[in-house]
Structure formats: structure tokens, C-alpha cells
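Here are the chains, one letter per residue:
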Amino acid sequence: VGGAVRDLLLVRRPTDLDFAFDGTMADFLAAHPEAVRVGKSVDVCLWHGRECMPLRGGTLAADFEARDLTINALALDTAGRLHSHPQALEDLRNSLLRPASPTAFADDPTRVFRLARFAARWPSWRIDREAFVQMRALTPQQLAVLPAERVAREMLKALAGSRPARFFRVLAQGGCLLPWFEEHECARHIPAGPRQWHANSVFGHSLRLMDELAGDALAVWMALCHDIGKIGTDPALLPHHYGHEARGVPHALALAKRLRLPAVYARAGALAAEEHMKAGMFATLRAGTRRDLLWRVNQLGLSKPFWKLADADSGTPVSELAYPCLAAITAVRLPEEWHNRGEESARKLREMQCVALAALRKKEAV
């Protein structure tokens with residue numbers, strides 16, 4: 001049932017296989033004593049490695065109405081016959097994302113994030129007007145009670161999509177950025193900067209970079225976070241955003257914490273917010289500043305996504321200069337007599353790395 005059947009019809013390899021049966025869980029367990037019940041909040045059991053659950057509502061028709069989207073309201077029976085929601089096959093043919101029922105999103109508001117994730121994964125697919133009607137009928141309070149893990153799971157899948165920014169565009173269009181992405185709801189209404197450099201809002205600028213960085217989910221996340229400090233700019237200073245780098249760090253950390261993301265996302269978002277401006281000016285930085293930036297990014301294990309972001313944000317190939325500099329400082333070896341001296345060793349290593357960068361800059365000038 002569900003997405004596995006959809007993928008088969010789209011000639012794609014299914015990833016998750018779900019099975020359903022008519023009757024009750026008690027009936028199934030009685031007929032298949034080797035099955036093991038594993039669900040806590042829902043009726044799910046494992047039978048020969050397969051996840052099985054009762055049809056929602058007890059019948060195929062009721063099950064289809066209870067699903068999220070028409071394209072997922074599909075089933076193959078044991079004889080290989082296809083069963084579907086009345087609109088499922090037409091919507092598959094037309095590449096249309098449509099709620100399976102008039103109450104689909106109200107029944108489970110997590111589905112708005114699932115819809116947005118499909119939109120990011122399949123950018124050529126259209127979204128039915130009814131989906132936005134249902135999204136706009138939801139309140140922030142209805143979305144606020146959702147488990148953070150479920151929201152984050154859909155977002156992380158979207159970050160890996162071919163058009164990751166569409167996830168947020170769909171949520172914005174449906175009025176569903178609040179409360180999980182409150183910073184970006186605010187960012188929709190703030191200019192990204194003076195018009196000679198930015199003709200877009202903070203939100204729009206970040207989304208443009210996200211799509212440009214598609215294929216590297218962590219870099220996409222860093223693009224989402226890099227200008228987040230601009231929402232705290234004094235309106236009297238607009239369209240300038242002096243000091244937004246430092247202001248962005250607590251916002252990026254708060255967003256990662258709210259979504260209960262892995263620690264690497266918290267580190268990456270904070271780094272992008274604090275250091276992206278410095279990265280864009282890398283060619284003009286002094287040797288010591290270059291070294292400290294390169295060292296910090298590398299120690300965090302974020303060099304690849306960070307320098308991708310720097311290239312996209314600055315519109316210049318900053319990484320072509322940064323990577324040779326990184327190679328120069330990581331090639332420096334501390335003399336044995338300076339080993340095991342604590343802070344003295346660290347200072348000496350930094351000094352030697354700065355000398356290496358200065359020598360490299362002289363070569364660049366020649």
C-alpha cells in the first residue's frame with residue numbers, strides 16, 4: 001500500500017514497503033502467530049520482515065480517504081490487482097499533489113510538511129489549490145503541537161531534494177512557516193540589503209542560494225541560516241544590516257534546537273551565520289585572519305559545505321583561493337622541540353601557519 005505502489009507506477013524503485021490487511025490486529029495475530037506486534041501508538045506488527053497494519057477504517061475505500069495525498073492512496077492486492085483513490089491515477093498522470101480528502105491536513109497537520117517535501121523532491125509537479133486552502137485553514141497552534149522529530153524528518157529529506165527551497169516556498173504560500181520556522185516568516189518581510197547588491201528579501205535571497213547549492217544538504221542548511229541575523233536589524237538601519245553575523249548565531253542555534261536536529265546542524269548553522277561575510281572577503285583578509293577562519297572551519301569538519309556557501313553567497317570562486325591556503329596551513333609541522341608545551345605550542349603552530357600563508361600570498365602576487 002501507499003508510496004511503494006506509487007513508485008512502482010512511476011517506474012521507480014520503492015524504498016519503504018508497507019503492507020495492510022483487512023480485519024483487526026487480533027485477527028491477524030491469530031492467523032499468523034509468528035507475527036510480532038511492535039507499534040506503541042499505532043497498530044503495527046512485523047511478519048516475515050514486513051511491516052503490516054490494519055486498513056484504516058477497515059476497508060480500502062476508507063483507507064484511501066484517510067491517507068495524505070491521492071498519489072499515495074494506492075494498493076496492490078495479493079493477486080496483483082491495483083486499487084486506488086478515485087483521483088489517484090489521474091493525479092499521477094498529471095503530476096499533481098492533491099490532498100486525499102477535505103480533512104487530510106486537519107487530520108494530521110504533519111502532512112503539510114510532507115507535501116512540501118514532495119514538492120522539493122519533484123519540482124516539476126504542481127500543487128492543487130485545495131492543498132493551499134487546507135494549509136491556510138490550519139493555525140500555528142495546531143502545528144506547534146507536532147513532534148519536532150516529524151517536522152525535522154520531512155525538512156531534512158527536502159534539504160536533500162533537487163529544489164530544496166521549494167519546501168519553504170510551499171510552506172510560505174500556505175501560511176505554515178509559523179511556528180517551526182518563525183525566523184524565516186519574519187525574513188520574508190525584510191530586504192536582504194541595499195538594492196545594488198540585493199533585490200530580494202532575506203528569505204528570498206536565502207532560498208536562491210539553497211537551490212544553487214542543491215545536492216549538498218548541509219550546505220543547503222547553511223544557506224538557510226547564514227543571513228538569519230538580519231531579522232534582528234533595527235528597522236531604522238534598513239536596508240543595511242550591520243553586525244548581523246553575531247546576531248545570527250543564537251537564532252541558528254535556536255532553530256536547530258527547536259527542530260531537535262543533530263549537533264552538526266547546530267554547528268553548521270552557527271558557523272554560516274557568524275563567518276559568511278568574512279569568507280566572502282577572503283581575498284582581502286590578513287594572514288592571521290585567514291588562518292583563523294580556515295582553521296576553525298576545518299576543525300569543525302565543515303570545509304566542503306562552508307566554502308560552497310561562500311562561493312554562492314559572494315558570487316565569486318572564493319574556494320579556489322581558500323583550499324590552497326588550507327592545504328598550506330595543514331602541511332605545517334610543529335618542530336619537535338615545540339611539542340607538549342600547551343598554549344605555547346598552539347601559538348607557535350599558528351605563527352608558523354601565518355608565515356606559510358604570507359609566503360603563499362607573495363606567490364599569488366607574482
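The present account deals with the structure reproduced in this document. (Residues numbered from 1 in each chain as written. Predicted model: local features only at pLDDT ≥ 70, side-chain atom pairs only at ≥ 80, totals over all residues. Heavy atoms only, no water.)

A few points about the overall build of the chain
Check the secondary structure of the chain and you find 19 helices and 8 strands. For the chain, the spread of C-alpha atoms along the three principal axes comes to 75 × 50 × 35 Å. Relative to its full complement of 366 residues, the chain shows a buried share of 46%. Taken as a whole, the chain presents about 18,100 Å² of accessible surface, with 55% of it coming from carbon and sulfur. Taking the 48 positively charged and 41 negatively charged side chains of the chain as two groups, their mean positions are separated by 4 Å. (Helix = DSSP H or I, 4+ residues; strand = E, 2+ residues; numbered from the N terminus. Buried < 20%, exposed > 50% of the residue type's maximum accessible area, 1.4 Å probe, protein only. Areas by Shrake-Rupley, 256 points an atom, 1.4 Å probe, with all protein chains shown as cover. Lys, Arg positive; Asp, Glu negative; His and termini not counted. Charge placed at Lys NZ, Arg CZ, Asp CG, Glu CD.)

Focus: the nonpolar core
Membership of the largest hydrophobic core comes to 88 residues, with the highest contact counts inside it found for Phe-168, Phe-181, Trp-221 and Trp-307. Ranked by residues supplied to this core, first place goes to helix 13 (residues 217-226) with 8 residues. When neighbours within four sequence positions are excluded, Trp-221 is seen to be in contact with Met-155, Leu-159, Leu-255, Ala-256, Leu-259, Leu-261, Tyr-265, Ala-268 and Gly-269. In this structure, Phe-21, Met-25, Phe-28 and Cys-45 belong to the second largest nonpolar core, which totals 7 residues. (Core = buried A, V, L, I, M, F, W, Y, C linked by side-chain atoms within 4.5 Å. Contact = heavy atoms within 4.5 Å.)

Section: the pairing of strand 4 (residues 50-54)
Pairing analysis gives 4 bridges linking strand 1 (residues 18-21) to strand 4, with the strands arranged parallel. For Phe-21, the partnering residue across the bridge sits in strand 4 and is Pro-54. (Pairing = 2+ DSSP bridges.)

What about the pattern of salt bridges?
Between side chains of opposite charge, a pair can form when the charged atoms approach closely. Here the structure, examined in full by the defined rule, presents 26 salt bridges. One salt bridge connects Arg-67 with Asp-63, and the closest N-O pair in it is separated by 2.8 Å. Classification of Asp-63 as buried rests on a relative accessible area of 1%. Measuring nitrogen to oxygen at the nearest pair gives 2.7 Å for the salt bridge that ties Asp-77 to Arg-81. Through salt bridges that share partners, Glu-274, Glu-275, Lys-278 and Arg-296 make up one connected network. (Salt bridge = Lys/Arg side-chain N within 4 Å of Asp/Glu carboxyl O.)

Brief notes about the packing of helix 17 (residues 303-314) against helix 18 (residues 319-330)
As a packed pair, helix 17 and helix 18 sit with axes 9 Å apart at the nearest point and diverge in direction by 150°. In terms of their interaxial angle, helix 17 and helix 18 are classed as roughly antiparallel. Two secondary-structure elements touch here, helix 17 through Ser-303, Lys-304, Trp-307 and Asp-311 and helix 18 through Ser-319, Ala-322, Tyr-323 and Leu-326. When the residues that make up the contact of helix 17 with helix 18 are grouped by side-chain class, the tally is 4 nonpolar, 2 polar and 2 charged. (Axes fitted to C-alpha atoms, helices over the stretch in contact; angles between N-to-C directions. Parallel < 35°, antiparallel > 145°, perpendicular 65-115°, else oblique. Nonpolar A, V, L, I, M, F, W, Y, C, P; charged D, E, K, R; others polar.)

Concerning the packing of aromatic side chains
This structure, assessed with the given rule, holds 10 aromatic pairs. Here the aromatic rings of Phe-306 and Trp-307 are separated by 5.0 Å at their centres, their planes lie at 85°, and the arrangement is edge-to-face. Owing to a relative accessible area of 1%, Phe-306 belongs among the buried residues under this scheme. In textbook terms, an aromatic cluster arises when at least three aromatic residues are bridged by ring pairs, as seen for Phe-21, Phe-28 and Trp-47. Looking at Arg-50, its charged tip hangs above the ring of Phe-19, at a distance of 4.9 Å from the centre. The ring of Phe-118 is capped by Arg-117, whose NZ or CZ atom sits 4.8 Å from the centre of that ring. (Phe/Tyr/Trp six-rings, centres within 6.5 Å; stacked < 30°, edge-to-face > 60°. Lys NZ or Arg CZ within 6 Å of the ring centre and 35° of its normal.)

Observations regarding the environment of Arg-37
By secondary structure assignment, the location of Arg-37 is in strand 2 (residues 36-37). Given the relative accessible area of 47%, Arg-37 is considered partly exposed. Separated by 55 residues in sequence, Arg-37 and Leu-92 have C-alpha atoms that sit 34 Å apart. With near-sequence residues (within four places) excluded, Arg-37 lies in contact with Met-25, Asp-43, Val-44 and Cys-45. Among the polar contacts made by the side chain of Arg-37, one reaches the side chain of Asp-43 at a distance of 2.3 Å. (Polar contact = N/O pair within 3.5 Å; in protein donor to acceptor, adjacent residues only side chain to side chain.)

A word on helix 6 (residues 111-121)
The element helix 6 is largely enclosed, with a buried count of 9 among its 11 residues. The set of residues buried in helix 6 consists of Arg-111, Val-112, Phe-113, Leu-115, Ala-116, Arg-117, Phe-118, Ala-119 and Ala-120.

Regarding a positive patch on the surface
Judged by side-chain charge, Arg-12, Arg-121, Arg-153 and Lys-157 come together as a positively charged surface patch. With respect to the helices and strands, Arg-153 occurs in helix 9 (residues 148-159). (Patch = residues over 30% accessible without salt bridge, like charges linked within 9 Å, V, L, I, M, F, W, Y side chains within 5 Å.)

As for the side chain of Arg-6
Topologically, Arg-6 is positioned in helix 1 (residues 3-9). With near-sequence residues (within four places) excluded, Arg-6 lies in contact with Ile-71, Asn-72, Leu-74, Leu-92, Phe-118, Arg-121 and Trp-122.

A few points about the sheet that holds strand 1
Taken in spatial order, the 4 strands of this open sheet run 1-4-3-2, and their pairing is mixed. Of all strands in the sheet, those bounded by a partner on one side alone are strand 1 and strand 2. Direction of pairing for strand 2 relative to strand 3 (residues 45-47): antiparallel, over a ladder of 2 bridges. Within strand 3, the residue paired with Arg-37 across the bridge is Cys-45.

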